[in-house]
Amino acid sequence: MTAAAAAGGRTEPATLGVGVLGCADIARRKMFPVLRTSSRARLAAIASRSPGKAADLARSSGCAAVGDYGSLLEHPGVDAVYIPLPIGLHALWAARALAAGKHVLVEKSAVCTLTEAQELVALARRRGLALMENFAFLHHSQHATAQRWLHDGEIGEPRVLQASFGIPPRPSSDIRYRADLGGGALLDVGAYPVRAALLYLGNDAQVVGATRHLDAVRGVDVGGSVLLATPSGVTAELSFGFAHSYRSHCAMWGSAGRLVLEQPFTPPAGARPRMRIARQDHLQEFVLAADDQFVNTVGRFADLVHGPAAAREEQYGQLLRQAALLEAVRSAARTTGRVRQPADRTTP
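Undergrad: An account of the layout of surface pockets is requested, with residue identities and associated values reported.
TA: Size it by volume and the second largest pocket reaches roughly 160 Å³. Gly182, Gly183, Leu187, Arg212 and Arg330 are, among the 13 residues lining the second largest pocket, the residues nearest its centre. Contributing elements (two or more residues each) for the lining of the second largest pocket: α8 (185-201) and β9 (220-229). At three residues, α8 tops the list of elements feeding residues into the lining of the second largest pocket. Grouping the constituent residues of the lining of the second largest pocket by class yields six nonpolar, four polar and three charged.

Undergrad: Could you give me a rundown of empty space enclosed by the protein, with the residues and numbers involved?
TA: A complete count under the given rule lists two cavities of 30 Å³ or more for this structure. Here the largest cavity is characterised by a volume of approximately 90 Å³. Lining the largest cavity are Met132, Glu133, Phe135, Leu138, His139, Arg195, Gln315, Gln318, Leu319 and Gln322. For the lining of the largest cavity, the secondary-structure elements that each account for two or more residues are β6 (131-134) and α10 (309-332). Take the lining of the largest cavity: its biggest share by element is four residues, from α10. Counted by class, the lining of the largest cavity contains four nonpolar, four polar and two charged residues.

Undergrad: Can you break down the pattern of salt bridges residue by residue, with the values?
TA: In the structure shown here, the tally under the stated rule is 16 salt bridges. Between Asp25 and Arg28 there is a salt bridge whose closest N-O contact spans 3.6 Å. In this pair, Asp25 and Arg28 both sit in helix α2 (residues 25-37), three residues apart, roughly one turn of the helix. For Arg28, a relative accessible area of 36% puts it in the partly exposed group.

Undergrad: Lay out the packing of helix α6 (residues 114-127) against α10 with the relevant residues and their values.
TA: Two numbers describe how α6 lies on α10: the axes approach to 9 Å, and their chain directions differ by 170°. Our classification of the angle between α6 and α10 gives roughly antiparallel. Within the contact between the two elements, α6 uses Leu114, Ala117, Gln118, Val121, Ala124 and Arg125 and α10 uses Glu313, Tyr316, Leu319, Leu320, Ala323, Ala324 and Glu327. Residue classes in the contact of α6 with α10 are distributed as nine nonpolar, one polar and three charged.

Undergrad: An account of the environment of Leu326 is needed here, citing residue identities and associated values.
TA: Mapped onto the secondary structure, Leu326 falls in helix α10. Leu326 sits in the buried class, given a relative accessible area of 3%. Excluding anything up to four places from it in sequence, Leu326 contacts Ser109, Leu186, Leu187, Ala191 and Val194.

Undergrad: Run through the pairing of strand β14 (residues 282-287), naming residues and quoting values.
TA: Along any regular strand the residues' side chains alternate between the sheet's two faces. Examined bridge by bridge, strand β13 (residues 274-279) and β14 share six bridges and lie antiparallel to one another. By the bridge assignment, Ala278 is partnered in β14 with Leu283.

Undergrad: If you had to explain the packing of α8 against α10 to someone new, which residues and values would you point to?
TA: Where α8 meets α10, the closest approach of the two axes is 10 Å, and the angle between their N-to-C directions is 115°. Crossing geometry of α8 relative to α10 is assigned as right-handed. Across from Leu186, Leu187, Ala191, Val194, Arg195 and Leu198 in α8, the residues of α10 making contact are Gln318, Arg321, Gln322, Leu325, Leu326, Val329 and Arg330. Among the residues forming the contact of α8 with α10, the class breakdown is eight nonpolar, two polar and three charged.

Undergrad: Residues and numbers for the side chain of Arg195, please.
TA: Assignment of secondary structure puts Arg195 in helix α8. Here Arg195 occupies a buried position and makes no salt bridge, while the nearest side chain of opposite charge, Glu133, is found at 5.7 Å. Within the structure, the side chain of Arg195 is placed 3.0 Å from the side chain of Gln318, a separation counted as a polar contact. The contact partners of Arg195, leaving out residues within four places of it in the chain, are Phe135, Phe137, Leu138, Gln318 and Gln322.

Undergrad: If you had to explain the side chain of Gln322 to someone new, which residues and values would you point to?
TA: Among the secondary structure elements, Gln322 is positioned in helix α10. In contact with Gln322, not counting residues within four places along its chain, are Glu133, Phe135, Ala191, Val194, Arg195 and Leu198.

Undergrad: So what's going on with unusual backbone geometry? Which residues, and what values?
TA: A negative phi angle is the norm for most residues apart from glycine, just as the trans form is the norm for most peptide bonds. Between Lys108 and Ser109 the backbone carries a cis peptide bond, its omega angle lying at -20°. Looking at the element boundaries, Ser109 is found in the loop between β5 (103-107) and α6.

Rules behind the numbers
- Residue numbers restart at each chain and count upward from 1, following the sequence in its written direction.
- A pLDDT threshold of at least 70 governs which residues receive local features in this predicted model, and a stricter bar of 80 or more applies before side-chain atom pairs are shown or counted, although totals over entire chains, interfaces and linings include all residues.
- Computation of side-chain values: all heavy atoms of the structure, hydrogens and water removed.
- Here a cavity is any set of points on a 1 Å grid over the protein atoms alone where a 1.4 Å probe fits but cannot get out, and a pocket is any open set with protein on both sides within 12 Å along at least 5 of 7 lines; a residue lines the site when it has an atom within 4 Å of a point.
- Grid points are joined across faces, edges and corners, and a volume is the space filled by probe spheres set on the points.
- The numbering of helices and of strands both runs from the N terminus, where a helix is a DSSP run of H or I of at least 4 residues and a strand a run of E of at least 2.
- Classification convention: Asp, Glu, Lys, Arg as charged; Ala, Val, Leu, Ile, Met, Phe, Trp, Tyr, Cys, Pro as nonpolar; all other residues, Gly among them, as polar.
- Any Lys or Arg side-chain nitrogen found within 4 Å of a carboxyl oxygen on Asp or Glu counts as a salt bridge.
- With a 1.4 Å probe rolled over the protein chains alone, any residue whose accessible area is under 20% of its type maximum counts as buried; one over 50% counts as exposed, and the rest are partly exposed.
- Interaxial angles span 0 to 180 degrees and are taken between N-to-C directions of axes, which are lines fitted to C-alpha atoms, for helices over the stretch in contact.
- Orientation is classified from the angle alone, with under 35 degrees giving roughly parallel, over 145 giving roughly antiparallel, 65 to 115 giving roughly perpendicular, and any other angle giving oblique.
- By definition in these notes, contact holds between two residues if any of their heavy atoms fall within 4.5 Å.
- Each pair of strands is called paired provided DSSP finds at least two bridges between the two strands.
- Handedness of a crossing follows from how the near helix is turned relative to the far one, being left-handed for an anticlockwise turn of less than a right angle and right-handed for a clockwise one.
- Only four residue types enter the tally: Lys and Arg on the positive side, Asp and Glu on the negative side, with His and both chain ends excluded.
- Pairs of N or O atoms within 3.5 Å make up the polar contacts considered here, provided that, within protein, one atom can donate a hydrogen while the other can accept it, and that residues adjacent in sequence are counted only when both atoms are side-chain atoms.

See below:
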């Protein structure tokens, strides 16, 4: 019991022990540093298909190295599991983690199909466990600011959301091109603008049109566009891909102006994001406080683990709605022909 608990009669929740399945780039660059320094969670163990890689990372991170994914689920210091594996493996290992009694934070897209989402949510609900899809951008304070300004009528009545996310072509060996591992642009980068549409338009947005550009040689989509609409007539124009130059963009066009977020999805932790409000010939630019969306994500996940069941139910609903929208995009999409990729190069 902490001193605060002794004085106040409350027991503070224990620091959450997190085990990581795999050594993906996003885990190494973003989550490991947070988990090493967080007051809400600690890096308890790392598992990898390469024991040497796990051992090296564990040594530098001050945690245990585990020989395989299954053994990590049995590690005594692991209360929750973070899953940054290829998308096609998410449902399998999330289900195994939940069955082992572990809370789960899973990278986006959490699943490949709505059926997988429904099965995972049902399992998490039965076991009373947290299940959270890791869209870190949702936890950056700039989006709360943008939502507040929209609510306050800074651009009048919202009419159209425009959101795009894309990255340059990857080397041909990249798992994003592996259909058997859940590859493709929609589940990878397309999930971001779709999730932004849920954030800003609400849960009643429906797919009214879509395209997906197919690389027939690789068997995956490498880009596309989506049109959503709400019953009240607000629309979302979304675009995505990795046959493109880099783009991260989000803007709301309203009856009296336009609100633009310059770094909506991947702002660096130390960056002070910029937002603009344009009304007729009047332009205002705002520089917001720096924030770390990955620190906030870990805190939010810890809150779900230690908090009431209602908060977990909200997360279940968000995961299900996202999976349903992505499935609706696939069903509605007109597939266009093969996109010729530029020569392989490594993106800086």
